[in-house]
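Structure at a glance
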Amino acid sequence: MSIDQLEEIARAMVAPGKGIIAIDESTATIAKRLASVNVENSEEHRRAYREMLLTTPNLGQHISGAILYDETLRQSTRDGVPFTKVMLDAGIIPGIKVDMGAKPLAGFPGEVVTEGLDGLRDRLAEYAKLGARFAKWRAVIRIAEDAPSGTCIEANCHALARYAALCQEAGIVPMVEPEVLMDGDHDIDVCYDVTEATLRSLFGALYEHNILIEGTILKASMVVSGADCEEQASVDEVAEATIRCLKATVPANLPGIVFLSGGQSDERATAHLDAMNRKGSLPWPLSFSYGRAMQSAALKLWGADMVGNYDKAQETVFHRARDNGLAALGQWSSN
Ligand code: 13P
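Rules and cut-offs
- Residues numbered from 1 in each chain as written.
- Predicted model: local features only at pLDDT ≥ 70, side-chain atom pairs only at ≥ 80, totals over all residues.
- Heavy atoms only, no water.
- Core = buried A, V, L, I, M, F, W, Y, C linked by side-chain atoms within 4.5 Å.
- Buried < 20%, exposed > 50% of the residue type's maximum accessible area, 1.4 Å probe, protein only.
- Helix = DSSP H or I, 4+ residues; strand = E, 2+ residues; numbered from the N terminus.
- Contact = heavy atoms within 4.5 Å.
- Polar contact = N/O pair within 3.5 Å; in protein donor to acceptor, adjacent residues only side chain to side chain.
- 1 Å grid on protein atoms, 1.4 Å probe; cavity = no way out; pocket = protein on both sides within 12 Å on 5 of 7 lines; lining within 4 Å.
- Points joined across faces, edges and corners; volume = space filled by probe spheres on them.
- Nonpolar A, V, L, I, M, F, W, Y, C, P; charged D, E, K, R; others polar.
- Near = heavy atom within 4 Å.
- Sits in = over half its atoms within 2 Å of the grid points.

Nonpolar side chains tend to gather and get buried jointly when the protein is soluble and globular. Counting residues in each nonpolar core, the largest one holds 94 residues, and the members touching the most others are Tyr163, Leu218, Ile257 and Phe259. Ranked by residues supplied to this core, first place goes to helix α7 (residues 150–169) with 10 residues. Setting aside anything within four residues of it in sequence, one finds Tyr163 in contact with Val98, Leu117, Leu120, Ala135, Lys136, Trp137, Pro174, Met175 and Val176. If you look at the next biggest cluster of nonpolar residues, it comprises 15 residues, including Met13, Ile93, Val173 and Ile217.

Here you go:
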């Protein structure tokens, strides 16, 4: 895989009006999602649920790629068509979550560092053979009284850079995700400072590790008020602060930025993206890589009646993709 091909994949991931659907929940996380709609966490239920999402009619109109979990990358539809083939036929680029989750950072109570570097070279080679063209690694930065520490930010960004280098060596586009969590009662200014410090550290580490920025996608969290903060920033304040923070930290040669939804409501996640894209010209396309904000309505419908609500659930997936695709162009309207 040449450098040009990495750049081409990265650009296709953020093609105008298109974004990513994140369906890469680990088995432990999908267990929670299925439990929330009283569905047993069996392999067949996980497969059937992901089939419903991935076979949504016309999904490729607004979705450029989907992030899968290891198990899902190997699964097929009920009729035996590999999910990767379904995706390629729909013009959706297969992606894969490759981190092994956030684990306690020794010596720093309450803070975590993402693991998964050991053996990653071999796993990436296999994922490339299975059809994955991009890979995601999520670092988790928690805001609290004395957190995050500089050590936590640095350890996570160092791991992100090492994973990104291994991805590019394997011809896979890294989607680097340093998520600053919304949990806490901090205000938006604190979130700004932590996000800025994290992104500075991240791009410093990517530079140190010889990462080709043109073949990398950033998956960012928005600059928002803590979920328990009494004073919640408006949509416009979030859009303004997030863009200011990204402009201060992200190189202009990055092909694109996609956001996670992080627990925002469906409508809020769309409104924030739309507001950012209405703010005039930016160095990079801003799009979405939502998990919950793409799936939650469909999960409820499908969980309530897997057969009877199948079509309706797929319609909501399509509508969420369409709305977020419009927001990626700054053309969404709430009615
Ligand atoms: P949410 O949009 O639900 O935050 O999920 C995106 C994701 O992939 C988190 O790693």
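Let us now look at the side chain of Lys219. Here Lys219 is to be found in strand β8 (residues 217–220). At 2.8 Å, the side chain of Lys219 and the backbone oxygen of Ser289 are in polar contact. The contact partners of Lys219, leaving out residues within four places of it in the chain, are Ala22, Ile67, Lys136, Met175, Val176, Glu177, Pro178, Val258, Leu260 and Ser289.

Before going further, it helps to examine empty space enclosed by the protein. In total, this model carries 1 cavity of 30 Å³ or more according to the counting rule given. Of the pockets and cavities examined, the largest cavity occupies roughly 50 Å³. What lines the largest cavity is simply Glu179, Val180, Met182, Ser221, Met222, Val224, Leu260, Ser261, Gly262 and Gln264. Taken together, the residues of the lining of the largest cavity sort by class into 5 nonpolar, 4 polar and 1 charged.

Here the focus is the site of the ligand. Residues in close proximity to the ligand total 13 residues, the closest being Lys136, Lys219, Ser261, Gly262 and Arg292. Within the backbone of Gly262, a nitrogen or oxygen atom sits 2.7 Å from an oxygen atom of the ligand. Residue Gly291 places a main-chain N or O atom 2.8 Å away from an oxygen atom belonging to the ligand. Among the cavities detected, the one that contains the ligand is the largest pocket. Every element with two or more residues in the shell around the ligand is listed here: β6 (134–141) and β10 (286–290). Partitioning the shell around the ligand into residue classes produces 3 nonpolar, 4 polar and 6 charged.

All right, on to the environment of Met222 then. Residue placement: Met222 occurs in the loop between β8 and α9 (235–249). Distance in space between the C-alpha atoms of Met222 and Tyr192 is 8.9 Å, their sequence separation being 30 residues. Apart from residues lying up to four places away in sequence, Met222 is in contact with Cys191, Val238, Thr242, Phe259, Leu260, Gln264, Ala269, His272, Leu273, Met276 and Tyr290.

All right, on to the side chain of Lys136 then. Here Lys136 shows up in strand β6. A distance of 2.7 Å separates a polar atom in the side chain of Lys136 from a polar atom in the side chain of Asp24. At a separation of 3.2 Å, a polar atom in the side chain of Lys136 contacts the side chain of Glu177. For Lys136, the residues in contact, after removing those within four places along its chain, are Asp24, Ile67, Ile96, Lys97, Val98, Asp99, Tyr163, Met175, Glu177 and Lys219.

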